[in-house]
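Below are the chains, spelled out letter by letter.
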Amino acid sequence: MEEDRETELSISRINKRIVILDTVCSTNDYAKKLVASGSLEDFIIFAFEQTAGGGRYGREWTSPRGGAWFSLVLTIPDIRYASALLFKSALAVSDAIRMKEVKTQIRWPNDIMICGKKVSGCLLETVKGNDGEIRAVIGIGVNVNINEDILKEAGLYETATSLMIETGEEHDILDLMYAVVSITINYFEKSLLLSTDEINKINSVLYKKGEHVTLTINSNKICGICTGLSEDGLISIIDENDNIFSYSHSEVTAFR
Ligand code: BTN
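Residues numbered from 1 in each chain as written. Predicted model: local features only at pLDDT ≥ 70, side-chain atom pairs only at ≥ 80, totals over all residues. Heavy atoms only, no water.

1. Thoughts on the pattern of salt bridges
Heads up, the rule is: Every case where a carboxyl oxygen of Asp or Glu lies within 4 Å of a side-chain nitrogen of Lys or Arg is listed as a salt bridge. Labels follow the DSSP assignment, with helices taken as runs of H or I lasting at least four residues and strands as runs of E lasting at least two, numbered in each case from the N terminus. Any residue under 20% of the maximum accessible area for its type is buried, any over 50% is exposed, and the rest in between are partly exposed; the area is computed with a 1.4 Å probe on protein chains only.
Applying the stated criterion to the full structure yields 10 salt bridges. Taking the shortest distance from any N to any O, the salt bridge between Lys32 and Glu125 comes out at 2.9 Å. Here Lys32 is found in helix 2 (residues 27-36), whereas its partner Glu125 is found in strand 6 (residues 117-128), with 93 residues between them in sequence. Overall, the relative accessible area of 23% leaves Lys32 in the partly exposed class. A salt bridge links Asp111 to Lys118, with the shortest nitrogen-to-oxygen separation between them at 2.7 Å. An identical accessibility class is assigned to Asp111 and Lys118; each is buried. Three or more residues are tied together by salt bridges with common partners; here these are Asp22, Glu49 and Arg65.

2. Details of the packing of aromatic side chains
To keep it simple, the criterion reads: For this analysis, a ring pair means two rings from Phe, Tyr or Trp (six-membered ring only for Trp) whose centres lie within 6.5 Å, classed as stacked if their planes differ by under 30 degrees, edge-to-face if by over 60, and tilted for the remaining angles.
Tallying each qualifying case throughout the model produces three aromatic pairs. Summarising the aromatic geometry, the rings of Phe46 and Phe48 are spaced 5.0 Å apart at their centres and angled 85° between planes, so their arrangement reads as edge-to-face. Exposure remark for Phe46: the relative accessible area of 0% places this residue in the buried category. Between Trp61 and Trp69, the ring centres sit 6.5 Å apart and the planes meet at 80°, which makes this aromatic pair edge-to-face.

3. Quick notes on the nonpolar core
Operational definition: As used here, the term nonpolar core means buried Ala, Val, Leu, Ile, Met, Phe, Trp, Tyr and Cys residues forming a set that is joined through side-chain atoms within 4.5 Å. The contact definition used throughout considers only heavy atoms, calling two residues in contact when any of these lie within 4.5 Å.
Counting residues in each nonpolar core, the largest one holds 59 residues, and the members touching the most others are Phe70, Ile97 and Val142. Per-element accounting of this core gives the leading share, 11 residues, to helix 3 (residues 82-98). Excluding anything up to four places from it in sequence, Phe70 contacts Thr27, Ile45, Phe46, Ile138, Gly139, Ile140, Val142, Met177, Val180 and Val181. Formed by 11 residues, the second largest nonpolar core is a distinct cluster that contains Leu21, Phe43, Val73 and Val127.

4. Describing the sheet that holds strand 3 (residues 68-76)
Defined as follows: For two strands to be treated as a pair, DSSP must find at least two bridges joining them. Lines are fitted to the C-alpha atoms to define the axes, a helix being fitted only along its stretch in contact, and any angle between axes, read from their N-to-C directions, falls within 0 to 180 degrees.
Judged by pairing direction, the sheet is mixed, and its seven strands sit side by side in the order 1-2-3-7-6-5-4 without closing on themselves. Where the open sheet ends on each side, the last strands, each with one partner, are strand 1 (17-24) and strand 4 (105-107). For this sheet, the mean angle separating the axes of adjacent strands, direction not counted, is 20°. Taken together, the three bridges between strand 4 and strand 5 (residues 111-114) define a ladder with antiparallel strand orientation. If you follow Gln105 over to strand 5, its bridge partner there is Met113. Those strands touched by helix 2 are strand 1, strand 2 (43-50), strand 3, strand 6 and strand 7 (134-142), and its axis lies near 145° from that of strand 2. In this fold helix 6 (residues 173-190) packs onto strand 1, strand 2, strand 3 and strand 7, with an angle of close to 20° to the strand it touches most, strand 3.

5. Section: the site of the ligand
Using the following cut-off: Note on definitions. A residue lies near a molecule or strand when any single heavy atom of the residue is within 4 Å of it. In the analysis that follows, any N or O atom pair within 3.5 Å is treated as a polar contact, provided that within protein one partner can donate a hydrogen and the other can accept it, and provided that, for residues neighboring in sequence, both atoms belong to side chains. Per-residue and other accessible areas were derived by the Shrake-Rupley procedure at a 1.4 Å probe size, with only the shown protein chains allowed to occlude residues. Any residue that is not Ala, Val, Leu, Ile, Met, Phe, Trp, Tyr, Cys, Pro, Asp, Glu, Lys or Arg is counted as polar, Gly included; the first ten are nonpolar and the last four charged.
Near the ligand, the surroundings consist of 19 residues, among which Ser26, Gln50, Gly54, Arg56 and Lys118 are the closest. Measuring from a nitrogen atom of the ligand, one finds a side-chain N or O atom of Thr27 at 3.1 Å. Between the ligand and Gly54 there is a distance of 2.7 Å, counted from a nitrogen atom to a backbone nitrogen or oxygen. Here the ligand loses 98% of its free accessible area of 420 Å² to cover by the protein chains. The set of elements that each furnish at least two residues to the shell around the ligand consists of helix 2, strand 6 and strand 7. The element contributing the most residues to the shell around the ligand is strand 6, with four residues. In terms of residue class, the shell around the ligand is built from five nonpolar, 11 polar and three charged.

6. Re the pairing of strand 11 (residues 244-247)
On a regular strand, each side chain points to the face opposite its neighbour's, so the side chains alternate between the two faces of the sheet. Sheet topology note: the strand 10 (residues 235-238)/strand 11 ladder contains four bridges and is antiparallel. When the sheet's bridge partners are listed, Ser236 is paired in strand 11 with Ser246.

7. Some details on unusual backbone geometry
Looking along the chain, the bond that leaves Trp108 and enters Pro109 is cis, with omega of 0°. Mapped onto the fold, Pro109 is located in the loop between strand 4 and strand 5. Of note, Asn218 is a non-glycine position whose phi angle comes to about 50°, a positive value. With respect to the helices and strands, Asn218 occurs in the loop between strand 8 (212-217) and strand 9 (220-229). According to the relative accessible area criterion, Asn218 is exposed, its value standing at 65%. Backbone geometry places Ser219, a non-glycine residue, at a positive phi of 65°. Counting through the fold element by element, Ser219 comes out in the loop between strand 8 and strand 9. Take Ser219: its relative accessible area is 66%, and that puts it in the exposed class.

So this is what it looks like as structure tokens:
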């Protein structure tokens, strides 16, 4: 397919330092420390295992060997470009997995799903460097070669999956990381905000688009039909009285 060819051509443009670690507490924390200690360039931290991986809202992120756990650090000119990067990185993970002929969906804002189970999540944090520049730390975790037993032990088997489980074969973890990073950088270099093409792409793979969803906002449940992602990255739902409401990812703690 033409689209896949374009995606493949975009891989190879990583012109950034990549630090590959065996074990680390969290690649995001490691990256933030490097920025705080004066690192001025953009870079990537990858680890084969994390001992204290973190997810959104301070949740624990199970990160044993067999997964791709990495953080991409990119300098952004303004904090307002951060959330576009979160969506671009989720789209990049989805694209990279689709290149393996596996059908993915994006559960807004940052979960990548296969057959209704989560295979990957993205966590975006920002940190100011010594030079005053804002750096986006995009933490990405992909369950690549994680087996059922590990997911069962972690109590995740009902809700999570891995590429290996879905395809019945092992995948090259570093290759997947390179693909995700280069596609993310490609999206980032094309535009700081979400382009119409990116929004359309996300909407075409959006989990539960056109279906009934429940959003959790400050412990309140909001129900309606999900109509999709708008240009500013907000999710829109329409209630039974045809009222349309839009929400930002920073206020929604769950989308089911
Ligand atoms: C989520 O779905 O809640 C986001 C999960 C993000 C996990 C990744 S793994 C690499 C990076 N380091 C971390 O500690 N977290 C992110």
